Amino acid sequence: MITTPLTADLVRGAVELERTEAGLVPHRLPARARAQNTDPRLAMAEAQPSGVRLRFRTRADVVELETVPTKLVYTGAPPRPDGGYDLLVDGELVAQGTVEGGSTLTVDPRTGAGEHRDGPPGTVRFGGLGTHPKDVEIWLPHNEMTELRALRTDAPVEALPERRVWLHHGSSISQGSNAASPAGTWPALAATAAGVDLVNLGFGGNALLDPFTARALRDTPADLISVKLGINVVNADLMRLRAFGPAVHGFLDTIREGHPDTPLVVVSPLYCPIHEQTPGPGDFDHEALARGEVRFRATGDPTERAAGKLTLEVVRAELARIVAQRQAEDANLRYLDGLDLYGEADFAELPLPDALHPCPAAHRRIGARFAELVLDFKGA
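Description of the structure in this document. (Residues numbered from 1 in each chain as written. Predicted model: local features only at pLDDT ≥ 70, side-chain atom pairs only at ≥ 80, totals over all residues. Heavy atoms only, no water.)

### Regarding the state of the cysteines
- If you walk through the whole model with that rule in mind, you get 0 disulfides.
- Left without a disulfide partner, Cys 272 is nearest to the cysteine sulfur of Cys 359, which lies 13 Å away.
- Judged by relative accessible area, which is 2%, Cys 272 ranks as buried. (Disulfide = S-S within 2.5 Å. Buried < 20%, exposed > 50% of the residue type's maximum accessible area, 1.4 Å probe, protein only.)

### Quick word on the pattern of salt bridges
- Enumeration over the complete set of coordinates arrives at 30 salt bridges.
- Among the salt bridges present, the one from Glu 16 reaches Arg 34, with a minimum N-O distance of 3.1 Å. One end of the pair, Glu 16, is in strand S3 (residues 16-19); the other, Arg 34, is in helix H1 (residues 31-36), with 18 residues separating them in the sequence.
- Residue Glu 16 is classed as partly exposed on the basis of its relative accessible area of 27%.
- The partly exposed category is assigned to Arg 34, whose relative accessible area is 23%.
- Here Asp 346 makes a salt bridge to Arg 365, at a shortest N to O gap of 2.9 Å. Linking Asp 346 in helix H11 (residues 344-349) with Arg 365 in helix H12 (residues 360-373), this pair joins segments that are 19 residues apart in sequence.
- For Arg 365, a relative accessible area of 23% translates into the label partly exposed. (Salt bridge = Lys/Arg side-chain N within 4 Å of Asp/Glu carboxyl O. Helix = DSSP H or I, 4+ residues; strand = E, 2+ residues; numbered from the N terminus.)

### Details of unusual backbone geometry
- Omega for the bond connecting Gly 280 with Pro 281 falls within 30 degrees of zero, at 10 degrees, which places this linkage in the cis form.
- Inspection of the secondary structure assignment puts Pro 281 in the loop between helix H8 (273-276) and strand S19 (282-284).
- Phi at Asn 178 takes a positive value of approximately 75 degrees, unusual for a residue other than glycine.
- As for its position among the elements, Asn 178 is in the loop between helix H3 (172-175) and helix H4 (186-194).
- The backbone phi angle of Ala 355 is positive, close to 75 degrees, even though this residue is not glycine.
- Along the chain, Ala 355 falls in the loop between H11 and H12.

### Some remarks on the sheet that holds strand S17 (residues 224-228)
- An order of S16-S15-S17-S18-S21 is seen for the 5 strands of this open sheet, with the pairing classed as parallel. Among the strands making up the open sheet, the edge pair consists of strand S16 (197-202) and strand S21 (333-336). The average undirected angle you get between the axes of adjacent strands in this sheet is 15 degrees.
- Relative to strand S18 (residues 264-267), S17 is paired through 4 bridges, and the arrangement is parallel. For Val 227, the partnering residue across the bridge sits in S18 and is Val 266.
- In the packing of H4 onto the sheet, the strands contacted are strand S15 (165-170), S16 and S17, and the crossing angle to S15 comes to about 165 degrees.
- Contacts from H12 reach S15, S17, S18 and S21 within the one sheet, and its direction differs from that of S21 by about 150 degrees. (Pairing = 2+ DSSP bridges. Axes fitted to C-alpha atoms, helices over the stretch in contact; angles between N-to-C directions. Contact = heavy atoms within 4.5 Å.)

Okay, structure coming up:
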């Protein structure tokens, strides 16, 4: 077996690669942003390599990847399955695997406090790939922190040419909550369908208009950018309407400092009944949690919308207004209503299993629709 050094031209979709004593940790926020963050949930989410993959050309029949995963355990919740690794050959999913062992992070869902215990590395192995030339992608777990240790193959590998880059920011839905596997998140499905390189800055619970996230988007090269905003601002009960509008303007202004002419799409929230007309904060459904089920609920008072509390309906209207205002001076800015990706009729057919995040079939539908509506570079 040949061991190939893990370098930036092989590891795609990360904003930054942190060199450790034994390997690489892919990050989806740069070090300066990580230093400014104080939220442990964001620190965890940005280190979960959603959208990050190894991409190379090879004749190898056998491919091995050694990693140290960090298994996530929520106190009081059912055990989570191990993070998955998806192997795509010439754009088609052909194999899946997991890595045993690894470290453990135990998190109290009520406080976000966590306890980390180190563990040993493990290896995921894919065989029977054939010795013909092929393009290989290994998509890393979208919901499990991962340190890369070694790539081993039985034939040499070479980096693939760069493609157009789609840079996306969103919430846990964009990170991939409830998706079947890393390549089954809606952004991964959309990128694969469109043949573009994805950089996914979808952070569970943390699409909160943070200035350091806007600067990360500003400083990351891209051919198209999308920002999906709203659900976390509502379920975190983070701000009122008075603050939301200027924060969105500031977020977009910062992105435009680095990408003055890049196509930029503002995407409003998908349909989510618990927050359509009810403000946050959101919370776990503790009765369901006691039964071993993870579900969410809205705890706000709908009458407080008059005082500026945000709901998804309010957010959609405000985002549409802001984009319409800015389009007078920004011809490359557009608005996409999240209900066009997943609306009330979709909910009736494919309901949200935990009342907040789409199921695997809904991820596939959202990804296909986004690829069709947005990721069309024809004539560009």
